[in-house]
Amino acid sequence: MAKQVLILGAGYGGMLSALTLVNNLDGQDVEISLVNKSGTHQIITELHRLAAGSVSEKAVALPLERLLRGRNVNLRIGTVSEILLGDKVVALADGTKLKYDYLVIGLGSETAFFGIPGLKEHSFVLKSVDDANRLRAHVEECIARFSETHHVADGTFVVGGGGLTGIELVGELADALPPLCEKYGVNPDDISLNCIEAMPTILPGFPEELVSRAQTSLEKRRVRFLTNLPITQMDANVVHLKDGSSLETNTLVWTGGVQGNSVVANSGLEVQRGRATVTDYLQSTSHEEVFLAGDSAVVMSPSGRPYPPTAQLSWQMGETVGYNLAAVIKGGPLKKFEPVFSGTLASLGRKDAIGTVGSNQIRLKGMPASLMKEASNMRYLSHINGLYTLAY
Ligand code: NAD
């Protein structure tokens, strides 16, 4: 009987695992199933643009059926609720049970709320196309309402967290709010866009020169930064800060951090802070029939610190997982996971960006950084045969 391969998640890790596995099977009789909670592969690195209305949904939500056409992968839409390692079974939320011989987990990460009171209940997040659509509609509703009521809470937008997700979102919102104000006859001076960061500077860990470039660029577009000021509580319409001050707002977007996936954390796989630990070959350290790709796992750098959970790492992990799983099935040698870092680029809105590229971390600002960011998105799309989305 054909071996059953079950891949959980069709994000960067799961998708690249599936595509690479298929390309390396050399005619082996294997049944591959891919489970995902939506019918699309979501380009989550571009969600800030969807949230601000700069791109259409079609550009960031690629139908899985189209990407997997002709690849001999069974697609199943469902939400994974439990992994029963002893029985080699995965349970879905609708009660379906799926058996496997080999399991690939690419379930991604979850938003970390750090136990801050009210935050989960009263904030927006930016982890999926649905989240981005919800935020986009909400921002427009607030501006529309503000034009009639002038309530401060409707005209105050707050992004919690000044990491890469928060800054990219703030940049897009800074460009999107003025045209929205014009549409609803609102004076842009009456609207405020705030980014609140717990650490002394935004983009902690980025070179100082680029941090200051990002801050200046955004401040010129009316973004107000409150740094060294952790959010301590969120009520329905008020965000509270550590110094006792507060802001009245109907819009707090929380981008303050990510944590491991709870399905993985509760599965019985060996984990570290909720993320599965892996061998050099990306197999679980406790279950060799389980491979991991992306943020569900923690990969240690040679210095002993975990690599940051990024799209480029997930993508590369997926390729190694697909290759190694094919090797296990065929009986060939596995290859070690050796990530290559091409740099980090952050967009600051429609026309500006910063970043570092290459092994010697060359610093880029403005147009060159924007173009590199666009090129890296195109490179990924071409890799998964998704370039057709550029037409949208
Ligand atoms: P992050 O953890 O990198 O940043 C979260 C920020 O929120 C931090 O600066 C933190 O100090 C701040 N914060 C935490 N608690 C807070 C509080 N109570 N009040 C105010 N601020 C608080 O999370 P992220 O930005 O979502 O990034 C997650 C991962 O994804 C990172 O590895 C990042 O490199 C990657 N990423 C990369 C890109 C890119 O390459 N362009 C874009 C987005 C995310």
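Placed above this text is the structure.
Residues numbered from 1 in each chain as written. Predicted model: local features only at pLDDT ≥ 70, side-chain atom pairs only at ≥ 80, totals over all residues. Heavy atoms only, no water.

Student: Lay out the overall build of the chain with the relevant residues and their values.
Tutor: Assigned secondary structure in the chain consists of 12 helices and 25 strands. Computed over its C-alpha atoms, the radius of gyration of the chain comes to 22 Å, within 12% of the 21 Å expected for a compact globule of 392 residues. Considering only C-alpha atoms, the chain reaches an extent of 70 × 45 × 40 Å along its principal axes. Split into buried and exposed, the 392 residues of the chain put 53% on the buried side. Taking the contacts inside the chain whose residues are at least 6 apart along the sequence as the reference set, 66% of them involve residues at least 24 apart. With an accessible surface of roughly 17800 Å², the chain has 49% of that area assigned to carbon and sulfur atoms. Taking the 35 positively charged and 40 negatively charged side chains of the chain as two groups, their mean positions are separated by 4 Å. (Helix = DSSP H or I, 4+ residues; strand = E, 2+ residues; numbered from the N terminus. Rg over C-alpha atoms; globule rule 2.2 N^0.38 Å. Buried < 20%, exposed > 50% of the residue type's maximum accessible area, 1.4 Å probe, protein only. Contact = heavy atoms within 4.5 Å. Areas by Shrake-Rupley, 256 points an atom, 1.4 Å probe, with all protein chains shown as cover. Lys, Arg positive; Asp, Glu negative; His and termini not counted. Charge placed at Lys NZ, Arg CZ, Asp CG, Glu CD.)

Student: Go over the sheet that holds strand β17 (residues 251–254) with me, naming the residues and quoting the values.
Tutor: Taken in spatial order, the 4 strands make up an open sheet running β13-β12-β11-β17, and their pairing is parallel. Each of the sheet's edge strands pairs with one partner strand only, and the pair in question is β13 (223–226) and β17. The sheet shows a mean angle of 20° between the axes of neighbouring strands, direction not considered. Across the sheet, helix α8 (residues 164–184) lies against β11 (156–160), β12 (192–196), β13 and β17, angled at about 175° from β12, the strand it touches most. (Pairing = 2+ DSSP bridges. Axes fitted to C-alpha atoms, helices over the stretch in contact; angles between N-to-C directions.)

Student: Could you give an account of the sheet that holds strand β15 (residues 238–241), naming the residues involved and the relevant values?
Tutor: Taken together, the 3 strands give an open sheet; going across it, the order is β14-β15-β16, and neighbouring strands pair in antiparallel fashion. The open sheet has two edge strands, β14 (231–234) and β16 (246–248), and neither has a second partner. Within this sheet the neighbouring strands show an average axis-to-axis angle of 20°, counted without direction. Both β14 and β15 contribute to a ladder of 3 bridges, which runs antiparallel. From the neighbouring strand, Gln233 faces β15, where its bridge partner is His240.

Student: Give me the lowdown on the site of the ligand, citing residues and values where you can.
Tutor: Near the ligand, the surroundings consist of 23 residues, among which Thr165, Glu197, Ala198, Ile231 and Leu345 are the closest. With respect to the ligand, the side chain of Glu197 contributes an N or O atom lying 2.5 Å from an oxygen atom. Within the backbone of Gly256, one N or O atom sits 3.4 Å away from an oxygen atom of the ligand. Those elements that provide at least two residues to the shell around the ligand are α8 and β23 (343–347). Per element, the largest residue contribution to the shell around the ligand is 3 residues, and it comes from α8. Counted by class, the shell around the ligand contains 12 nonpolar, 8 polar and 3 charged residues. (Near = heavy atom within 4 Å. Polar contact = N/O pair within 3.5 Å; in protein donor to acceptor, adjacent residues only side chain to side chain. Nonpolar A, V, L, I, M, F, W, Y, C, P; charged D, E, K, R; others polar.)

Student: Please set out the pattern of salt bridges residue by residue, giving values where relevant.
Tutor: Going through the model one piece at a time under the given rule, you end up with 13 salt bridges. Residue Lys183 is joined to Glu140 by a salt bridge in which the shortest nitrogen-to-oxygen separation is 2.6 Å. Taken as a pair, Lys183 in helix α8 and Glu140 in helix α6 (residues 129–149) lie far apart in primary sequence, 43 residues in all. Residue classification places Lys183 among the exposed positions, given a relative accessible area of 55%. (Salt bridge = Lys/Arg side-chain N within 4 Å of Asp/Glu carboxyl O.)

Student: Provide a residue-level description of the state of the cysteines, including the pertinent values.
Tutor: By the definition in use, this model includes 0 disulfides. The thiol sulfur of Cys181 is not disulfide-bonded, and the nearest other cysteine sulfur, from Cys142, lies at 12 Å. The thiol of Cys195 is unpaired, and the distance to the nearest cysteine sulfur, on Cys142, comes to 18 Å. (Disulfide = S-S within 2.5 Å.)

Student: Could you give me a rundown of the nonpolar core, with the residues and numbers involved?
Tutor: In terms of nonpolar packing, the biggest core is built from 103 residues, with Val5, Leu8, Ile83, Val90, Leu103 and Ile105 touching the most fellow members. With 9 residues, α8 is the single largest residue contributor to this core. If we ignore the near neighbours within four places in the chain, the residues touching Ile105 are Leu8, Ile83, Val264, Leu269, Val290, Phe291, Leu292, Ala293 and Ser296. Residues Leu119, Val158, Leu226 and Leu241 belong to the second largest nonpolar core, which totals 15 residues. (Core = buried A, V, L, I, M, F, W, Y, C linked by side-chain atoms within 4.5 Å.)

Student: Account for the packing of aromatic side chains, with residues named and values stated.
Tutor: As enumerated under the stated definition, the model contains 4 aromatic pairs in all. Between the aromatic rings of Trp315 and Tyr380, the centroid separation amounts to 5.0 Å while the plane-to-plane angle is 70°, which identifies the pairing as edge-to-face. One end of the pair, Trp315, is in helix α11 (residues 311–330); the other, Tyr380, is in helix α12 (residues 367–383), with 65 residues separating them in the sequence. Looking at Trp315, the relative accessible area reads 11%, which means it is buried. Clustering of aromatic rings is evident, with ring pairs tying together Tyr12, Trp315 and Tyr380. Residue placement shows Lys335 over the ring face of Tyr323; its charged tip is 4.1 Å from the ring centre. (Phe/Tyr/Trp six-rings, centres within 6.5 Å; stacked < 30°, edge-to-face > 60°. Lys NZ or Arg CZ within 6 Å of the ring centre and 35° of its normal.)

Student: Before we move on, can you summarise a nonpolar patch on the surface with the specific residues and values?
Tutor: On the surface, Met378, Leu387 and Leu390 cluster together into a nonpolar patch covering about 240 Å² of accessible area. Position of Leu387 relative to the elements: it lies in the segment after α12. Given the relative accessible area of 39%, Leu387 is considered partly exposed. (Patch = residues over 30% accessible without salt bridge, like charges linked within 9 Å, V, L, I, M, F, W, Y side chains within 5 Å.)

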